[in-house]
Amino acid sequence: MRQNQAETRRQNVAKRSMTKEAKQLSGLIAGLRESLEGIHKQRANAKLSGAEMGMLDERRNNLLLTIAALDDRLSAVQGLIDLGRPHIIRVH
């Protein structure tokens, strides 16, 4: 009985932790998408030099890769929550 309660408690803690992580990831992704929109607006400026355009392109590519990675992580976290198999993932 106690072992069952301890396992239930661990599951609840893990679910809360993963739900919090999902919210944080969603907020971070939204902020990065806003930054991406800002870059698109800057690129629309006709007065930029080639070097400035290249820098903006590099920033845009880095943001796109970061957003894709965070989207994958968010999808994995939400999938585990939906399956009822939350666990605390330790990142070193």
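Scope of this entry: the structure provided in the associated data block. (Residues numbered from 1 in each chain as written. Predicted model: local features only at pLDDT ≥ 70, side-chain atom pairs only at ≥ 80, totals over all residues. Heavy atoms only, no water.)

## Regarding the overall build of the protein
Scanning the protein from terminus to terminus reveals two helices and zero strands. Since a compact globule built from 92 residues should have a radius of gyration of about 12 Å, the 20 Å found for the protein marks it as more spread out than a globular shape. Each principal axis of the C-alpha distribution contributes one length, and for the protein these read about 70 × 20 × 15 Å. Evaluated residue by residue, the protein yields a buried proportion of 20% over its 92 residues. Taking contacts inside the protein between residues at least 6 apart in sequence as the whole, the part at least 24 apart equals 71%. In the protein, which carries 16 positive and 10 negative side-chain charges, the distance between the mean positions of the two groups comes to 11 Å. (Helix = DSSP H or I, 4+ residues; strand = E, 2+ residues; numbered from the N terminus. Rg over C-alpha atoms; globule rule 2.2 N^0.38 Å. Buried < 20%, exposed > 50% of the residue type's maximum accessible area, 1.4 Å probe, protein only. Contact = heavy atoms within 4.5 Å. Lys, Arg positive; Asp, Glu negative; His and termini not counted. Charge placed at Lys NZ, Arg CZ, Asp CG, Glu CD.)

## Observations regarding the pattern of salt bridges
Under the counting rule described, the total for this entry stands at four salt bridges. In this structure, Arg 73 engages Glu 21 in a salt bridge whose closest nitrogen and oxygen atoms are separated by 2.7 Å. Residue Arg 73 is located in helix 2 (residues 50–82), and its partner Glu 21 is located in helix 1 (residues 2–43); the two are separated by 52 residues in the primary sequence. Classification of Arg 73 by relative accessible area gives partly exposed; the value is 26%. Here Arg 43 makes a salt bridge to Asp 57, at a shortest N to O gap of 2.6 Å. Taken as a pair, Arg 43 in helix 1 and Asp 57 in helix 2 lie far apart in primary sequence, 14 residues in all. Of the residues examined, Asp 57 reaches a relative accessible area of 21% and is grouped as partly exposed. Connected through shared salt-bridge partners, Arg 43, Asp 57 and Arg 60 make up one network. (Salt bridge = Lys/Arg side-chain N within 4 Å of Asp/Glu carboxyl O.)

## Side note on helix 1
Residues that lie three or four places apart on an α-helix share one face, since the helix turns once every 3.6 residues. Over its 42 residues, helix 1 runs 61 Å from end to end, which matches the ideal 62 Å to within 8%, given 1.5 Å per residue. Buried within helix 1 we find Ala 14, Met 18, Glu 21, Ala 22, Leu 25, Ile 29, Leu 32, Leu 36 and Ile 39. (Expected span 1.5 Å × (residues − 1).)

## Focus on the nonpolar core
Core analysis: the biggest nonpolar cluster contains 14 residues, and Ile 29, Leu 32, Leu 63, Ile 67, Leu 70, Leu 74 and Val 77 have the highest contact counts within it. Secondary structure elements with two or more residues in this core: helix 1 and helix 2. Setting aside residues no more than four positions away along its own chain, Leu 74 makes contact with Ala 22, Leu 25, Ser 26 and Ile 29. (Core = buried A, V, L, I, M, F, W, Y, C linked by side-chain atoms within 4.5 Å.)

## Thoughts on the packing of helix 1 against helix 2
Closest axis-to-axis distance for the helix 1/helix 2 pair is 9 Å, and the angle between their directions is 160°. As the angle between them shows, helix 1 and helix 2 are arranged roughly antiparallel. Helix 2 is crossed by helix 1, and the crossing has left-handed handedness. (Axes fitted to C-alpha atoms, helices over the stretch in contact; angles between N-to-C directions. Parallel < 35°, antiparallel > 145°, perpendicular 65-115°, else oblique. Left-handed = near helix turned anticlockwise from the far one by under 90°.)

## Focus on helix 2
Its 33 residues place the ends of helix 2 47 Å apart at the C-alpha level, agreeing with the 48 Å of an ideal helix rising 1.5 Å per residue. Just downstream of helix 2, Gly 84 is the residue with a positive phi angle, here 75°.

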